[in-house]
Amino acid sequence: MSRRCVLQGLAAASLAPGLLAQAQARPAAAAAIQARLAANPLLTPLRGVDDASGERHSARLVKRGHWPEALRGRFYRNGPALFERDGQRYHHWFDGDGMVQQFTLTGGELSHRGRLVQTSKLQAERKAGRFLFNALGTAIEGGPPITGPDSVNPANTNALEHAGRVLAMWEGGSAYGLDPADLSTQGPVTWRADLAGLPFTAHPKVDAAGHLWNIGTMGRHLVVWQVGPDGRLVNFQHGSSPYPGGMVHDMAVTGRYLVVPLPPVKLDFARAVGDGPRRFALDPGEPLRILVMDKADISRRRVFELPPQMVFHIGNAHEAGDGTVVLSFIGAPDVSFLDRGAVALMAGERMPAGDSLLQLARLDMTTGRVQVEQRPGNVEFPRIDPRRIGLGGPAAAQWLLSGAGWKRFEGRDGGLLHGIQLSHLPSGRLQRFDYGAQVIAEEHVLVPKPGRSGELDAWVLGTTFDAAQQATVLNLLEAADIAAGPIAQAVLPDALPLGFHGNFTAA
Ligand SMILES: [Fe+2]
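Conventions we followed
Residues numbered from 1 in each chain as written. Predicted model: local features only at pLDDT ≥ 70, side-chain atom pairs only at ≥ 80, totals over all residues. Heavy atoms only, no water. Salt bridge = Lys/Arg side-chain N within 4 Å of Asp/Glu carboxyl O. Helix = DSSP H or I, 4+ residues; strand = E, 2+ residues; numbered from the N terminus. Buried < 20%, exposed > 50% of the residue type's maximum accessible area, 1.4 Å probe, protein only. Polar contact = N/O pair within 3.5 Å; in protein donor to acceptor, adjacent residues only side chain to side chain. Donors = N, O, S within 2.8 Å, 3.2 Å for Na, K, Ca; no water. Pairing = 2+ DSSP bridges. Axes fitted to C-alpha atoms, helices over the stretch in contact; angles between N-to-C directions. Phe/Tyr/Trp six-rings, centres within 6.5 Å; stacked < 30°, edge-to-face > 60°. Lys NZ or Arg CZ within 6 Å of the ring centre and 35° of its normal. Domains from an automatic or database assignment. Buried area = accessible area lost by both parts, 1.4 Å probe. Core = buried A, V, L, I, M, F, W, Y, C linked by side-chain atoms within 4.5 Å. pLDDT = per-residue confidence, 0-100. Contact = heavy atoms within 4.5 Å.

### Re the pattern of salt bridges
Any two side chains of opposite charge can pair, so long as their charged atoms come close to each other.
Argument step 1. Tallied over the entire structure, the rule returns 32 salt bridges.
Argument step 2. Among the ionic pairs, Asp494 bridges to Arg56, the shortest N-O distance being 3.1 Å. With Asp494 in the loop between strand 33 (488–491) and strand 34 (501–506) and Arg56 in strand 1 (residues 55–58), the pair connects residues that are 438 residues apart, well separated along the chain.
Argument step 3. On the accessibility criterion, Asp494 (35% relative accessible area) is partly exposed.

Structure below.
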């Protein structure tokens with residue numbers, strides 16, 4: 001045996017006990033976190049579900065106030081829900097297996113169904129009785145080889161009903177199709193046989209004509225999907241990313257363009273220690289890039305450079321008619337939420353407070369110049385009137401709905417959102433509603449009223465977690481008067497896992 005082989009053997013021998021000790025320590029650590037979560041009434045939804053409790057059905061929800069007869073449809077949400085197997089708990093909130101929630105509204109009555117998405121990852125891990133695959137923020141050792149993005153796809157970020165099926169989406173792999181009738185999993189969606197498994201991110205936009213636009217990134221590759229109202233692939237384009245390897249989360253669509261923020265954020269493996277969470281960092285010296293591509297030919301594009309910052313979500317983009325594209329987005333000066341906040345939550349600890357600010361960027365497609373305006377207030381989860389997606393000129397959205405934080409106020413858990421805000425983009429005027437310090441406000445959406453066309457002829461629909469009741473609540477507000485608070489609520493029997501995003505489909 002050569003000296004080199006001996007040294008390698010010794011190294012392996014010395015490593016194995018370390019890994020064993022880490023594995024042995026995990027159940028006690030997970031139990032300690034569960035106890036901490038149970039003792040913090042505001043964070044109990046982060047205890048998560050298991051395979052059994054990830055299947056729920058409430059045929060009739062307890063109601064308060066008046067649920068309008070005209071509000072009929074299905075409201076979906078998705079979020080990480082299964083966080084532990086065999087005593088091992090994920091470090092990062094984004095790691096959990098996705099659970100889709102469906103609220104069905106039938107002329108004043110409401111029901112709820114929630115189901116874990118039966119991804120190939122979840123099924124393999126359920127069978128094995130333990131986690132097998134690396135997650136975004138947690139390294140898992142000893143699993144089978146990863147054959148592509150869908151090997152590790154938790155389908156945990158967004159849910160959207162389109163062309164008769166529910167798409168449960170993640171950032172890096174295929175959308176999973178679910179049956180709207182019972183949320184049973186149909187499997188990963190293949191838009192075209194030769195494109196199977198390519199990334200389909202979690203924030204597609206459906207324009208006024210019913211076309212679904214989406215992107216995907218993998219290393220230096222960038223793909224664009226256009227799916228017709230009938231669910232068939234209309235067009236697929238392939239190009240290169242101007243910032244390979246970064247995190248690309250959201251996109252916007254205008255009449256002519258696709259607009260994609262590319263924040264300078266990467267995994268920082270060097271700072272990951274032992275069994276601890278993977279880390280994220282801003283890439284020093286790199287700007288926030290905004291990629292604007294012509295929908296008809298994505299090789300016709302312009303890249304704008306803005307001050308470095310983290311961007312998860314855009315509000316909207318539209319063409320102003322003077323050669324500029326106006327983009328609303330939420331930017332944070334650092335990656336504190338991604339790197340530490342989402343880890344602290346999973347450990348049952350307070351999150352570090354960070355800023356996330358609504359910003360308007362005017363992107364001049366002729367000169368390449370950009371102007372940015374910041375608006376006050378800590379907000380996230382921006383949404384607009386879904387009827388105005390892709391429209392410009394006078395039809396462009398004027399109002400932006402978002403979650404609102406009061407993190408600097410005493411007694412509030414830093415970083416959590418406790419209310420909602422409606423911002424008038426041209427003037428900066430805004431309305432807010434505060435659910436209170438013991439309530440976590442999740443993403444709310446605008447639901448147009450049938451037969452009406454005004455931008456605020458809409459309801460606002462969204463879930464909250466009420467720590468006092470230890471229950472998830474579905475809330476309905478009038479968009480024209482959100483400051484008045486909910487006009488109707490429906491209370492679930494207990495707490496659902498906190499979710500990220502969702503969408504309403506009218507019946
Ligand atoms: Fe998102």
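Anyway, onward from the coordinates.
### Thoughts on the side chain of Asn378
Argument step 1. Turning to its location among the elements, Asn378 is positioned in strand 26 (residues 378–383).
Argument step 2. Among the polar contacts made by the side chain of Asn378, one reaches the side chain of Ser356 at a distance of 2.9 Å.

### Section: the coordination of the iron ion
Argument step 1. For the iron ion, the full set of protein donor atoms is His203 (NE2), His249 (NE2), His313 (NE2) and His501 (NE2), and the range of their distances to it is 2.0 to 2.2 Å.
Argument step 2. Mapped onto the polypeptide sequence, the residues donating to the iron ion form the spacing pattern H-x45-H-x63-H-x187-H. In this pair, His249 sits in the loop between strand 15 (233–240) and strand 16 (252–253) while His501 sits in strand 34, placing the two residues 252 residues apart along the sequence. For the residue pair His249 and His501, the accessibility class agrees, reading buried in each case.

### A few points about the sheet that holds strand 28 (residues 417–424)
Argument step 1. Spatially, 26-27-28-29 is the arrangement adopted by the four strands of the open sheet, whose pairing is antiparallel. Edge positions in the open sheet fall to strand 26 and strand 29 (430–434), since each of these has one partner strand only. Pairs of neighbouring strands in the sheet enclose a mean axial angle of 25°, with direction left out of account.
Argument step 2. The sheet contact formed by strand 28 and strand 29 spans five bridges and is antiparallel. In the sheet register, Leu422 faces strand 29, and the bridge partner there is Gln431.

### Here we look at the packing of aromatic side chains
Argument step 1. In this structure the tally under the stated criterion is 13 aromatic pairs.
Argument step 2. Note on Trp191 and Phe200: the rings are 5.2 Å apart at their centroids and 25° apart in plane angle, and the pair reads as stacked. Each member of the pair, Trp191 together with Phe200, is buried.
Argument step 3. In this arrangement the basic side chain of Lys266 is found over the ring face of Tyr243, its NZ or CZ atom lying 4.7 Å from the centre.

### Some words on the domain arrangement of the protein chain
Argument step 1. Considered domain by domain, the protein chain is made up of domain 1 (1–39) and domain 2 (40–506).
Argument step 2. Domain 1 and domain 2 are separated by 35 Å when their C-alpha centres are compared.
Argument step 3. Overall, the association of domain 1 and domain 2 removes approximately 1300 Å² of surface from exposure, summing both partners, and the carbon and sulfur fraction of that is 51%.
Argument step 4. Among the residues domain 1 hides against domain 2, the three largest losses belong to Arg26, Gln34 and Leu37. Together they make up 48% of the total.
Argument step 5. Joining domain 1 to domain 2, the criterion identifies three salt bridges.
Argument step 6. The partner of Arg26 in a salt bridge is Asp275, and the shortest N-O contact between them spans 3.0 Å.

### A look at the nonpolar core
Argument step 1. Membership of the largest hydrophobic core comes to 38 residues, with the highest contact counts inside it found for Leu46, Trp93, Met310 and Leu338.
Argument step 2. Mapped onto this core, the elements with two or more residues apiece are helix 1 (3–39), strand 3 (72–82), strand 22 (310–319) and helix 3 (336–346).
Argument step 3. Residue contributions to this core peak at four residues, all from helix 3.
Argument step 4. By size, the runner-up hydrophobic cluster in this structure holds 18 residues, among which are Leu61, Phe75, Val445 and Trp459.

### Looking at the confidence of the model for the protein chain
Argument step 1. Per-residue confidence for the protein chain gives a mean pLDDT of 92, with 94% of residues at or over 70.
Argument step 2. Counting contacts from residues 1–15, a segment whose pLDDT is below 50, to residues more than four positions away or on other chains yields one contact.

### Structural notes on unusual backbone geometry
Argument step 1. Despite not being glycine, Asp86 has its phi angle at roughly 50°, a positive value.
Argument step 2. Looking at Asp86, the relative accessible area reads 59%, which means it is exposed.

### Section: the sheet that holds strand 34
Argument step 1. Spatial ordering of the open sheet is given by 1-7-6-3-34, a layout of five strands whose pairing is antiparallel. In this open sheet, the two strands that pair with only one neighbour each are strand 1 and strand 34. Here the strands of the sheet are splayed against their neighbours by 15° on average, with no regard to which way each runs.
Argument step 2. Across six bridges, strand 3 lies against strand 34 in antiparallel orientation. Among the inter-strand pairings, Gly73 is bridged to a residue of strand 34, identified as Ala506.

### A word on the pairing of strand 24 (residues 357–364)
Argument step 1. Summarising burial for strand 24: seven of the eight residues are buried, a large majority.
Argument step 2. Bridge count between strand 23 (residues 324–332) and strand 24: eight bridges; the pairing is antiparallel. Its bridge partner lying in strand 24, Val326 is registered against Arg362.
Argument step 3. Alignment of strand 24 against strand 25 (residues 370–374), held across five bridges, turns out to be antiparallel. For Leu360, the partnering residue across the bridge sits in strand 25 and is Glu373.
Argument step 4. What sits between strand 24 and strand 25 in their antiparallel hairpin is a turn of five residues, with Gly368 showing a positive phi close to 85°.

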